[in-house]
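Below, each chain spelled out in residue letters.
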Amino acid sequence: MMGRDRIEYKTPDQVRAMRRAGLVVADALAAAREAIRPGVTTRELDAIASGVIAGAGATSNFLGYHGYPATLCVSVNHEIVHGIPGSRVIEAGDIVSVDGGAVVDGWHGDSAFSVVVEPMDPADVALVAACEDALWAGIAALARAERLGEVGAAIEDAVRAAGDYGIVREYVGHGIGTAMHQPPEVLNYRARDKGARVRPGLCVAIEPMITRGGRGTEVLDDGWTVVTADASRAAHAEHTVAVLEDGVWVLTAPDGGAEQLAARGVRVAALD
Ligand code: MF3
Ligand code: CO
């Protein structure tokens, strides 16, 4: 099992290097978010993120990954993850999930957000809020955890408390560092396995995916786009997070996650 494979623990200096990648990802996703409106194509969002990454002297870790043809994944409505940018036009009322990553000096960052285009269905707004809240609940749990399984348990509890949502199980979070995907896996649900021991230097991408229906998924004929089997709408949120001696630092959040984590009684680690 992947979770039993060797984990690449990072030194504080390596975490600082990863933060540089994480901040490029944050900038690229913020630029894409700003551009989301009816009429914009998913390819245009991709180009905007690509420009930010190149402008920062970074490279995309998505482009070319197992042949993946773009810088972002843009997944709309019942698409959950890995939607390929193209000629699709964003429409009023869409849920748009944007996932992106970057590499700086060999260190990877990976992050995603979902947003609802106006006029917003309140049920879609609640879905996106529940996913985002579950992500932060998972990050807060990581800050206190002895075992990584506590993250998935916290995510599942947060989702269940928010409403009757499906939690996708076929796709999970992951270790990250000198590669985008490393051991250990980071589940978005409670499992029998307690998971890897959480200790300083562990860096993971936590990424819940939830739906307004069931948890089943299918992959479209393009070989990438993951959709809900029941066509229910989905949301995805992701951050790259480092565990340090005195707590966690959210590498893909400009403030390290300070504001969101303070609201949950967690202080971010001092990285400087
Ligand atoms: N960001 C995705 C993940 O969270 C990976 C996308 S792989 C790609 O793990 F090939 F689609 F880019
Ligand atoms: Co990821």
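Residues numbered from 1 in each chain as written. Chains lettered and ligands numbered in written order. Predicted model: local features only at pLDDT ≥ 70, side-chain atom pairs only at ≥ 80, totals over all residues. Heavy atoms only, no water.

**A closer look at the sheet that holds strand 12 (residues 234-236)**
An order of 5-9-12 is seen for the three strands of this open sheet, with the pairing classed as antiparallel. The sheet is open, and its two borders are formed by strand 5 (166-167) and strand 12, each paired with just one other strand. Across the face of the sheet, helix 3 (residues 122-144) comes into contact with strand 9 (209-211) and strand 12 while running at roughly 30 degrees to strand 12. (Pairing = 2+ DSSP bridges. Helix = DSSP H or I, 4+ residues; strand = E, 2+ residues; numbered from the N terminus. Contact = heavy atoms within 4.5 Å. Axes fitted to C-alpha atoms, helices over the stretch in contact; angles between N-to-C directions.)

**Concerning the coordination of the cobalt ion (ligand 2)**
Ideal coordination angles are 109.5 degrees for a metal with four donors arranged tetrahedrally and 90 or 180 degrees for a metal with six donors arranged octahedrally. Around the cobalt ion (ligand 2), the protein contributes the donor atoms Asp-110 (OD), His-174 (NE2), Glu-207 (OE) and Glu-238 (OE), which lie 2.0 to 2.3 Å from the metal centre. Classification of the site at the cobalt ion (ligand 2) rests on its six donor atoms, whose angles at the metal span 48 to 174 degrees, yielding the label irregular. For the cobalt ion (ligand 2), the donor residues sit on a single chain with the sequence spacing D-x63-H-x32-E-x30-E. One end of the pair, Asp-110, is in strand 4 (residues 107-116); the other, His-174, is in strand 6 (residues 173-175), and 64 residues separate them in sequence. Judged by relative accessible area, His-174 falls into the buried class, the value being 4%. (Donors = N, O, S within 2.8 Å, 3.2 Å for Na, K, Ca; no water. Tetrahedral: all angles 85-135°; square planar, octahedral: opposite > 155°, others 65-115°. Buried < 20%, exposed > 50% of the residue type's maximum accessible area, 1.4 Å probe, protein only.)

**Quick notes on helix 2 (residues 42-55)**
One turn of the α-helix equals 3.6 residues, which is why residues spaced by three or four share an orientation. The first and last C-alpha atoms of helix 2 sit 20 Å apart over 14 residues, in line with the 20 Å expected at 1.5 Å per residue. Considered for burial, the residues of helix 2 that qualify are Thr-42, Leu-45, Asp-46, Ala-49 and Ile-53. Along the long axis of helix 2, the arc covered by the buried residues comes to 100 degrees, so they all point the same way. Among the exposed residues of helix 2, those oriented more than 90 degrees off its buried face are Arg-43, Ala-54 and Gly-55. Tucked into the core, helix 2 has its buried residues touching helix 1 (12-35), strand 1 (72-76) and strand 3 (95-104). Gly-57 sits one or two residues past helix 2 and shows a positive phi near 75 degrees. (Expected span 1.5 Å × (residues − 1). Arc of directions from axis to C-beta.)

**Description of the site of ligand 1**
With respect to spatial proximity, the complete set of residues near ligand 1 consists of Phe-62, Tyr-65, Tyr-68, Cys-73, His-82, Asp-99, Asp-110, His-174, His-181, Glu-207, Trp-224 and Glu-238. Contacts to ligand 1 include Glu-207, whose side-chain N or O atom sits 2.7 Å from an oxygen atom. Contact with the protein chains removes 96% of the 330 Å² of surface that ligand 1 exposes when unbound. For the shell around ligand 1, a count of residues per class yields five nonpolar, three polar and four charged. (Near = heavy atom within 4 Å. Polar contact = N/O pair within 3.5 Å; in protein donor to acceptor, adjacent residues only side chain to side chain. Areas by Shrake-Rupley, 256 points an atom, 1.4 Å probe, with all protein chains shown as cover. Nonpolar A, V, L, I, M, F, W, Y, C, P; charged D, E, K, R; others polar.)

**Things to note about the pairing of strand 8 (residues 203-206)**
Burial of the side chains of strand 8 extends over both faces: Cys-203 and Ala-205 are buried on one face and Val-204 and Ile-206 on the other. Here strand 6 pairs with strand 8 via two bridges, running antiparallel. Bridging across to strand 8, Gly-175 finds its partner in Val-204. Here strand 8 runs beside strand 13 (residues 239-244); their pairing, made up of four bridges, is antiparallel. Bridge pairing in strand 13 links Ala-205 to Thr-240.

**Let's talk about the sheet that holds strand 3**
Strand order across the open sheet formed by three strands is 1-3-4, with antiparallel pairing between neighbours. If you trace the sheet from one side to the other, it starts and ends with strand 1 and strand 4, each paired once. Neighbouring strand axes in the sheet, compared pairwise and without regard to direction, differ in orientation by 10 degrees on average. Summarising the sheet, strand 3 and strand 4 pair through 10 bridges and their orientation is antiparallel. Note on strand 4: the bridge partner recorded for Val-104 is Trp-107. The sheet contacts of helix 3 involve strand 3 and strand 4, and relative to strand 4 the element is tilted by about 155 degrees.

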